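Here is what each chain is made of, one letter per residue.
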Amino acid sequence: MAALHISLLLQLFFCFVFSLPTGRNSICGYKSCPATKPSMLNVHLVPHTHDDVGWLKTVDQYYYGDRNNIQHAGVQYILDSVIDQLQKDPARRFIYVETAFFYRWWKQQSQDTRRIVTQLVNEGRLEFINGGWCMSDEATTHYSAVIDQMTLGLRFLNDTFGECGRPRVAWHIDPFGHAREHASIFAQMGYDGFFFGRLDYQDKARRMKTKEMEMLWRASESLTPPLADLFTGVLPNGYNPPEGFCWDQLCSDAPIRDDPDLEDYNVDEIVQKFLNASYKQATFYKTNHIIMTMGSDFQYENANLWYKNLDKLIKYVNALQAKGSKVNVLYSTPSCYLQELNLANLTWPLKTDDFFPYADDAHDFWTGYFTSRPALKLYERLSNSRLQTCNQLEVLGGPKSTSGPFGEGDSDTMKRAMGVAQHHDAVSGTEKQHVAYDYARRLATGWAHCEVLVGNSLAVLSGSEAPRVFCENLNISVCPLTESSHKFSMNVYNPLGRTVSWPVRLPVNGSMYSVTDANGKAVDSQVVPLSKSTQEVRRNRGYAKGELVFQVEAPPLGYSTYIISMVQDEPPASSSKPTATRSIQNKFLKVTFDDSTGLLSSLTNLETQQTIRLTQNFYWYNASAGNNKESTQPSGAYIFRPNSSDPFVINNTAEIQIATVSNVVQEVTQWFSPWVSQVVRLYKDRRELELEWTVGPVPVSDGLGKEVITRLDTDIESSGYFYTDSNGREVLERRKDYRPTWDLKQTEPVAGNYYPINSRAYIKDDKRQLTVVTDRSQGASSIYNGSLEIMLHRRLLYDDFRGVGEPLSEPGDFLHGLVARGRLLLTLTPPDMAADVHRPLAQGMVLQPLLSFQDGTPAANTKLEFSGLQAALPPAVHLLTLSQWDKDSVLIRLEHQYQAKESKTHSQPVTVNLQKLFSTLEVLGASEMSLGANQWKDDMNRLQWNTEKNSKPLPLSAREPSPWEVTLKPMEIRTFLLRVRQL
């Protein structure tokens, strides 16, 4: 009872610090919605602007209105103008979406302006919709980064406006396809509905015909309905106004000329045109309410133009009601429209799959961006891992983390940079080249701030204030300290809640080294020669002759220290001579190579005695070319359109240049061409095969754009089925030339079968499953039975006419074309055991250990090992979030990382005790929150919907036996605000 009393007191305490009061006269939310007329067709006009946080211009250029020669857009002027116009008529409404822009605008406003804006919000006249830092992409984002960017935006709105700042509706009007996991996230964040603008043209035609443009999306096969159910609506015109009704300064439609004494009086014409558009739209929807989006990209910079004409439109259309018209037009918002749909109490169709892939015409599949800008996609993924480490160490290291021996550090800069990077023209790879550079620069700046914080925290935890080095270029074997030092220490921080074993490769110049762990125990190590591709990629940025390879182990949410000493300083032996090898193996896996081709030929799981025929090679699709969309739709940043279904093989044989066999690692280097190579690796005691590929610069001097894939061909009887993850979480079944929702007329046999993968894809039959875990988001498909192909790189010569206005041809460091490098991890298991391997493997790829180095030997009082947890978390539990919330509280998310029924062992409820989690923190109280951390869980009260397969509302959850006991069911994420004290 004492513990429960503390928890209740804590919640009362949190209530005072968590949100601002909305004011006595607040009538925001559904209470602020305008009256409608039940006997009429109600047309909800939604004034809005769609403000990309980077696309053709950088986020700064868009905000300030700079470089208008590229695109006329200035977000600060939009907000200035809208706030001015809203004050002139209480009936007017406006919605705003991108918190990244609003945040910087708000910081520049006077107190008088802030009071005006707060009143508009409290009266529901200015309403925030979606509310994330950006409108995230749905194909190429990882769920953890999506949750973080949503939390960042929602917290700012809550801290600034309280309950009236809380969005009720998710709004993804521009992303190019829609992921089921995103819908699940929105539902768990407490949203009542979701509206989007883009879906496949065939799907849209069918839905318009059957009046299924609005539906209930059941977004999880594991969570009990309606936890992940989300009402979803497809907007009629994308996110634009009906044709002829755009009154922005960027448009050329005729204004309403309503003086009958002047020339070109057009009220009757415009009113009739509007009535026709309204009646036509109403034929596609089920209720007597329809929504019209009155705005578009960066509109309302001169809001007077829009509102003056909308005022007239409402006046003259509604005036016809006196003559028998049954159309009622009103200013509205998406949430007010949603409320009317809910009040209609209809039965809605059920959706259980997703909205990928998206095509806007027969040969225009938006599946290229799944892979576009592969280096940026990897950098974003690594930055997410670094941000989680930064957040954790801020908590574990205490106040000195942000102000310590290495200076002032913070995690906020990285949070904002990652928030912007989730935008649907950022990590998607669909921005102009200079904008891509800007996103990368922001991530680098964010890490520079985090690097100071991490250094301070590790100094606190280890007791060592010696200078600490973070090597940013280990992927190309560059690290000045390890290349030059004869003795140094390496700190391995593990951000996962379980002990992790990880292979480390350090660039060195000696031929033999001694490696000891935190307990002084010798660790097996091996110096292997650098591959030719690594030497070419790094150019003059490093001088290491080899790589020191060894396995490290780090405790949960903690670090371990390794001491590395050079024993022999002669250069390591190097060899680039072709060598023959037939197989490599460890105690878990065996890989064979074909003697005549040098290609992989089989993969065997020695534990289960399973073998598959496995051939892997690299190919490229010839990208369709064209200077205008009407003649031939070309491939571009968005569109994947090969001009043939048969890719060109880069080489039928692979030259094996280096074969290394040791007790640490066995690896074979395959050379396919001057611009494609691969290292096949088996590390000691690992159950996965690593394929490290290097592709680029992709040659285009022949005038042919190329879309490069690797294809795995097996004898698995997959029967046209394959499986891809949704934003890194639940896995969806795919089937070649098929859509669960409608009868597909396939027009692009390759591009029309591509799907996004964020962390994994697999094929299987009754007995065998081949799973591929990726290090970034990519496009994948299974075109042939038993095959799995993944697109690795794209270099194109034409724009695809979707707005970006330049070909996707990244120059790379040396202006000859981008070189991309990455890793694929392959596992072979029985299907019912696969998740036990690929779930932790994928989490380990997403949240990688952070390595830091100190020259010399650690001082005698240095703490060489540390864990922030009292014990490792159960295998099914993932620590998704640990972040400082304010001075005395931290935000924590615990996640069950297995789907229902996918694991015999782990797809069961599991319980964790919050008070027994941390080794350095005393948990004084806990209050559960929504997934977005902007509502108390007990206050969540979502709208209920009827569907064809209805489910009764969930009963109130039974109280856990202890306020500290948290039970997680498969795929459940639970969010808590903990009041803590440093021990």
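Residues numbered from 1 in each chain as written. Predicted model: local features only at pLDDT ≥ 70, side-chain atom pairs only at ≥ 80, totals over all residues. Heavy atoms only, no water.

A.B. asks: What exactly am I supposed to notice about the overall build of the chain here?
C.D. replies: Helix and strand counts for the chain come out as 17 helices and 46 strands. Here the C-alpha radius of gyration of the chain, 29 Å, is about what a compact globule of 983 residues would show, namely 30 Å. Along the first, second and third principal axes, the C-alpha atoms of the chain reach 95 × 70 × 50 Å. Scored against the burial criterion, the 983 residues of the chain give a buried share of 65%. Treating the 99 positive side-chain charges of the chain as one cloud and the 110 negative ones as another, the clouds have centres 3 Å apart. (Helix = DSSP H or I, 4+ residues; strand = E, 2+ residues; numbered from the N terminus. Rg over C-alpha atoms; globule rule 2.2 N^0.38 Å. Buried < 20%, exposed > 50% of the residue type's maximum accessible area, 1.4 Å probe, protein only. Lys, Arg positive; Asp, Glu negative; His and termini not counted. Charge placed at Lys NZ, Arg CZ, Asp CG, Glu CD.)

A.B. asks: In this structure, what is going on with the confidence of the model for the chain? I would like to understand it.
C.D. replies: Predicted confidence across the chain gives a mean pLDDT of 94, with 95% of residues reaching 70 or more. Here residues 1-13 scores under 50 on pLDDT; set against residues more than four positions off or in separate chains, the count is 12 contacts. Below a pLDDT of 50 lies the segment residues 15-24, which in the model reaches 23 contacts outside its immediate sequence neighbourhood of four places, other chains included. (pLDDT = per-residue confidence, 0-100. Contact = heavy atoms within 4.5 Å.)

A.B. asks: Please clarify how the nonpolar core should be interpreted in this entry.
C.D. replies: One broad rule of soluble globular proteins: the nonpolar side chains tend to lie buried together. If you look at the biggest cluster of nonpolar residues, it comprises 124 residues, and the most contacted ones within it are L45, F102, Y300 and L313. In terms of residue count, helix α10 (residues 303-319) provides more of this core than any other element does, 8 residues in total. (Core = buried A, V, L, I, M, F, W, Y, C linked by side-chain atoms within 4.5 Å.)

A.B. asks: For this particular structure, what's the right way to read the sheet that holds strand β7 (residues 229-234)?
C.D. replies: The strands that make up a sheet are held in pairs by hydrogen bonds between backbone atoms, and each pair lies either parallel or antiparallel. The mixed open sheet is built from 5 strands, whose spatial order is β4-β5-β7-β6-β11. Two strands bound the open sheet, and with one partner strand each, they are β4 (169-172) and β11 (350-351). Here 4 bridges tie strand β5 (residues 193-196) to β7, and the two strands are oriented parallel to one another. Along β7, the bridge assignment pairs F195 with G233. Contacts from helix α7 (residues 180-188) reach β4, β5, β6 (214-218) and β7, with the element oriented near 120° to β7. (Pairing = 2+ DSSP bridges. Axes fitted to C-alpha atoms, helices over the stretch in contact; angles between N-to-C directions.)

A.B. asks: I would appreciate a short explanation of the packing of aromatic side chains in the present structure.
C.D. replies: The relation between two aromatic rings is expressed through the spacing of the ring centres and the mutual angle of the planes. Enumeration over the complete set of coordinates arrives at 48 aromatic pairs. Each ring, one from F176 and one from Y369, has its centre 5.2 Å from the other, and the planes form 90°; the classification is edge-to-face. Placement of F176 in the loop between β4 and α7 and of Y369 in the loop between β11 and α12 (374-397) is noted, with a sequence separation of 193 residues between them. Here F176 and Y369 have matching classes, each one buried. Ring geometry for F194 and F196: centres 5.7 Å apart, planes at 55°, overall tilted. Here the two residues F194 and F196 agree in accessibility, since each one is buried. Of the aromatic side chains, those joined through ring pairs into one cluster are Y96, F102, Y103, W105, W106, F128, W133, F156 and F161. Over the ring of F355 we find K351; its NZ or CZ atom is 4.0 Å from the centre of that ring. Residue placement shows K764 over the ring face of Y723; its charged tip is 4.9 Å from the ring centre. (Phe/Tyr/Trp six-rings, centres within 6.5 Å; stacked < 30°, edge-to-face > 60°. Lys NZ or Arg CZ within 6 Å of the ring centre and 35° of its normal.)

A.B. asks: When you look at the environment of I173 in this model, what are you seeing that I'm missing?
C.D. replies: Turning to its location among the elements, I173 is positioned in the loop between β4 and α7. Separated by 67 residues in sequence, I173 and N240 have C-alpha atoms that sit 9.6 Å apart. Among residues more than four places away in sequence, those in contact with I173 are H48, H50, M135, F195, F196, G197, R198, L235 and Y239.

A.B. asks: Mind showing me how you'd approach the side chain of T669 here?
C.D. replies: Among the secondary structure elements, T669 is positioned in strand β26 (residues 665-673). Note on T669: relative accessible area 6%, which makes it buried. Leave out the neighbours within four places in its chain, and T669 touches S531, E655, I656, Q657, I658, Q678 and V679.

A.B. asks: Explanation requested: the UniProt feature "domain: Glycoside hydrolase family 38 central" (unreviewed entry) in the chain in the structure shown.
C.D. replies: This chain's UniProt record puts "domain: Glycoside hydrolase family 38 central" (unreviewed entry) on residues 364-443. Taken as a whole, residues 364-443 contains 56% helix and 5% strand, while its terminal C-alpha atoms sit 32 Å from one another. (UniProt positions renumbered as here; feature names shortened; annotations may be inferred.)

A.B. asks: Explain the side chain of S296 to me, please; I cannot follow it from the model alone.
C.D. replies: Position of S296 among the secondary structure elements: in the loop between β8 (289-294) and α10. With near-sequence residues (within four places) excluded, S296 lies in contact with H48, T49, H50, Y239 and N240.

A.B. asks: Looking at this structure, how should I read the packing of α12 against helix α13 (residues 412-421)?
C.D. replies: The description of two helices packed together rests on the angle between their axes and the distance between the axes. With their axes 10 Å apart at the nearest point, α12 and α13 run at an angle of 150° to one another. The angle between α12 and α13 places the two elements in the roughly antiparallel class. In this structure, α12 meets α13 at a crossing whose hand is left-handed. Of α13, the residues touching α12 (which contributes E380, S383, N384, R386, L387 and N391) are M414, K415, M418 and A421. (Parallel < 35°, antiparallel > 145°, perpendicular 65-115°, else oblique. Left-handed = near helix turned anticlockwise from the far one by under 90°.)

A.B. asks: How do you make sense of the pairing of strand β31 (residues 731-735) when you look at a structure like this?
C.D. replies: Taken residue by residue, a regular strand's side chains alternate between the two faces of the sheet. With 5 bridges joining them, strand β30 (residues 721-725) and β31 adopt antiparallel strand pairing. Each residue of the ladder has a partner; that of D725, found in β31, is V731. The turn joining β30 and β31, which pair antiparallel and follow one another in sequence, is formed by 5 residues; a positive phi near 55° is taken by N727.

A.B. asks: Is there a simple way to explain the sheet that holds strand β40 (residues 877-886) in this structure?
C.D. replies: The strand order across the open sheet formed by 4 strands is β40-β41-β46-β43, and the pairing between neighbours is antiparallel. Taken across any chain shown, the strands that pair with only one partner, and hence form the sheet edges, are β40 and β43 (921-929). Each neighbouring strand pair of the sheet contributes to a mean axis angle of 30°, computed without reference to strand direction. Where strand β41 (residues 889-896) and strand β46 (residues 973-982) come together, 7 bridges link them in antiparallel fashion. In the sheet register, L891 faces β46, and the bridge partner there is L977.

A.B. asks: When you look at helix α17 (residues 831-846) in this model, what are you seeing that I'm missing?
C.D. replies: For the α-helix, the turn length of 3.6 residues means that residues three or four positions removed from each other point alike. Between its first and last C-alpha atoms α17 spans 23 Å; for 16 residues at 1.5 Å apiece the expected length is 22 Å, and the two agree. The set of residues buried in α17 consists of A834, A835, H838, R839, L841, A842, Q843, G844, M845 and V846. (Expected span 1.5 Å × (residues − 1).)

A.B. asks: Mind showing me how you'd approach the pattern of salt bridges here?
C.D. replies: If you walk through the whole model with that rule in mind, you get 55 salt bridges. In this structure, E730 engages R180 in a salt bridge whose closest nitrogen and oxygen atoms are separated by 3.5 Å. Pair noted here: E730 is in the loop between β30 and β31 and R180 is in helix α7, with a separation of 550 residues, a long-range link. With respect to burial, E730 and R180 carry one shared label: buried. Bridged by salt links that share partners, the residues R505, E547, E667, R681, E690, E692 and R823 form one connected network. (Salt bridge = Lys/Arg side-chain N within 4 Å of Asp/Glu carboxyl O.)

A.B. asks: Hey, could you run me through the state of the cysteines in this one?
C.D. replies: Taken as a whole, this structure holds 5 disulfides when the rule is applied. Covalent S-S linkage joins C28 and C164, the inter-sulfur distance amounting to 2.0 Å. Note on the C28 and C164 pair: the S-S dihedral is about -75°, so by sign convention the disulfide is left-handed. With C28 in the loop between α1 (2-18) and β1 (41-47) and C164 in the loop between α6 (143-161) and β4, the pair connects residues that are 136 residues apart, well separated along the chain. The exposure classification of C28 matches that of C164, with both residues buried. Linked covalently through their sulfurs, C390 and C450 form a disulfide whose S-S length is 2.2 Å. Taking the sign of the S-S torsion, -95° for the link of C390 and C450, the bridge is left-handed. (Disulfide = S-S within 2.5 Å.)

A.B. asks: It is not clear to me how the pairing of β46 should be interpreted in this structure. Could you clarify?
C.D. replies: The element β46 is largely enclosed, with a buried count of 7 among its 10 residues. With 8 bridges joining them, β43 and β46 adopt antiparallel strand pairing. Bridge pairing in β46 links M929 to T975.

A.B. asks: Got a minute to help me understand α6 in this structure?
C.D. replies: Between its terminal C-alpha atoms α6 stretches 27 Å, which fits the 27 Å expected from 19 residues at 1.5 Å a residue. Burial within α6 is extensive, with 16 of its 19 residues counted as buried. Within two residues after α6, G162 carries a phi angle of roughly 65°, on the positive side.

A.B. asks: Looking at this model, I keep getting lost on unusual backbone geometry. Mind explaining?
C.D. replies: Negative phi is the rule for most residues except glycine; trans is the rule for most peptide bonds. Cis rather than trans, the peptide bond between P225 and P226 has omega equal to 5°. When you line up the elements, P226 lands in the loop between β6 and β7. Here the bond from G696 into P697 is cis, since omega is -10°, no more than 30 degrees from zero. Its location among the elements puts P697 in the loop between β28 (689-695) and β29 (706-714). The phi torsion at L557 lies on the positive side, around 45°, for a residue other than glycine. With respect to the element layout, L557 can be found in the loop between β18 (546-554) and β19 (558-568). Residue classification places L557 among the buried residues on the basis of a relative accessible area of 0%. Non-glycine residue N727 carries a positive phi angle of around 55°. Within the element layout of this structure, N727 appears in the loop between β30 and β31. We classify N727 as buried; its relative accessible area is 1%.

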